[in-house]
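Reading the structure
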Amino acid sequence: MEIRDNLLDRIAEAEREGWLGEIEGLRVSLAGSESKIDQIDSAPRSMAINLGMPRKAPGEPARNEGAALLRQSLDDQQ
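Below or above, wherever it landed, is the structure these notes cover. Bear in mind the structure is a predicted one, so any value in this text is a computation, not a measurement.

Calculation rules
- Residues numbered from 1 in each chain as written.
- Predicted model: local features only at pLDDT ≥ 70, side-chain atom pairs only at ≥ 80, totals over all residues.
- Heavy atoms only, no water.
- Helix = DSSP H or I, 4+ residues; strand = E, 2+ residues; numbered from the N terminus.
- Buried < 20%, exposed > 50% of the residue type's maximum accessible area, 1.4 Å probe, protein only.
- Areas by Shrake-Rupley, 256 points an atom, 1.4 Å probe, with all protein chains shown as cover.
- Polar contact = N/O pair within 3.5 Å; in protein donor to acceptor, adjacent residues only side chain to side chain.
- Contact = heavy atoms within 4.5 Å.
- Expected span 1.5 Å × (residues − 1).
- Salt bridge = Lys/Arg side-chain N within 4 Å of Asp/Glu carboxyl O.
- Core = buried A, V, L, I, M, F, W, Y, C linked by side-chain atoms within 4.5 Å.
- Axes fitted to C-alpha atoms, helices over the stretch in contact; angles between N-to-C directions.
- Parallel < 35°, antiparallel > 145°, perpendicular 65-115°, else oblique.
- Left-handed = near helix turned anticlockwise from the far one by under 90°.
- Nonpolar A, V, L, I, M, F, W, Y, C, P; charged D, E, K, R; others polar.

A word on the overall build of the chain
Across its full length, the chain carries 3 helices and 0 strands. Expressed as a percentage of its 78 residues, the buried residues of the chain come to 10%. When the accessible surface of the chain is summed, it comes to about 7,000 Å², and 53% of that surface belongs to carbon and sulfur atoms.

Okay, structure coming up:
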């Protein structure tokens, strides 16, 4: 929203100053930002977001389990 508001301010400034080329570029950016805002607003609120967190592979011991197995193995060797 802040980006959109900033673009609107910049468009108004460009119009006051007569920067015609700048106005067109800013309007393209404004259309893109409004499209993204619409996408965010229309997305389901319960939609899960993938944060890219690693998952434990099936059959792979967790770190603490692996450390416990290593300690047990070392104890068994003594």
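After that view, the rundown keeps rolling.
Notes on the side chain of serine 33
Relative to the helices and strands, serine 33 is located in helix α2 (residues 20-42). Here the side chain of serine 33 touches leucine 30 through a polar contact of 2.9 Å, landing on its backbone oxygen. Leaving out residues up to four positions away in the same chain, serine 33 has contacts with Arg4 and Leu7.

Some details on α2
With 23 residues, α2 extends 33 Å from end C-alpha to end C-alpha; this agrees with the ideal 33 Å at 1.5 Å per step. Turning to α2, its buried residues are Ile23, Leu26, Leu30, Ser33 and Ile37. Considering only its buried residues, α2 is in contact with α1 (2-17).

A word on the pattern of salt bridges
Inspection of the entire model under this criterion finds 3 salt bridges. Ionic pairing is found between arginine 4 and aspartate 5, a salt bridge with its closest N-O pair at 3.8 Å. A residue is classified by how much of its surface remains accessible, and aspartate 5, at 40% relative accessible area, is partly exposed. Close ionic contact of glutamate 15 with arginine 27 constitutes a salt bridge, the shortest N to O distance being 2.8 Å. Residue glutamate 15 is found in helix α1, and its partner arginine 27 is found in helix α2; the two are separated by 12 residues along the sequence.

Details of the nonpolar core
Core analysis: the largest hydrophobic core is formed by 6 residues, namely Leu7, Ile11, Ala14, Ile23, Leu26 and Leu30. Broken down by secondary-structure element, the contributors of at least two residues to this core are α1 and α2. When neighbours within four sequence positions are excluded, leucine 26 is seen to be in contact with Leu7, Arg10, Ile11 and Ala14.

Description of the packing of α1 against α2
With their axes 9 Å apart at the nearest point, α1 and α2 run at an angle of 160 degrees to one another. It follows from the interaxial angle that α1 and α2 lie roughly antiparallel. In the packing of α1 onto α2, the handedness of the crossing is left-handed. Contact residues: α1 offers Arg4, Leu7, Leu8, Arg10, Ile11, Ala14 and Glu15, while α2 offers Glu22, Ile23, Leu26, Arg27, Ser29, Leu30, Ser33, Glu34 and Ile37. For the contact of α1 with α2, the per-class residue count stands at 8 nonpolar, 2 polar and 6 charged.

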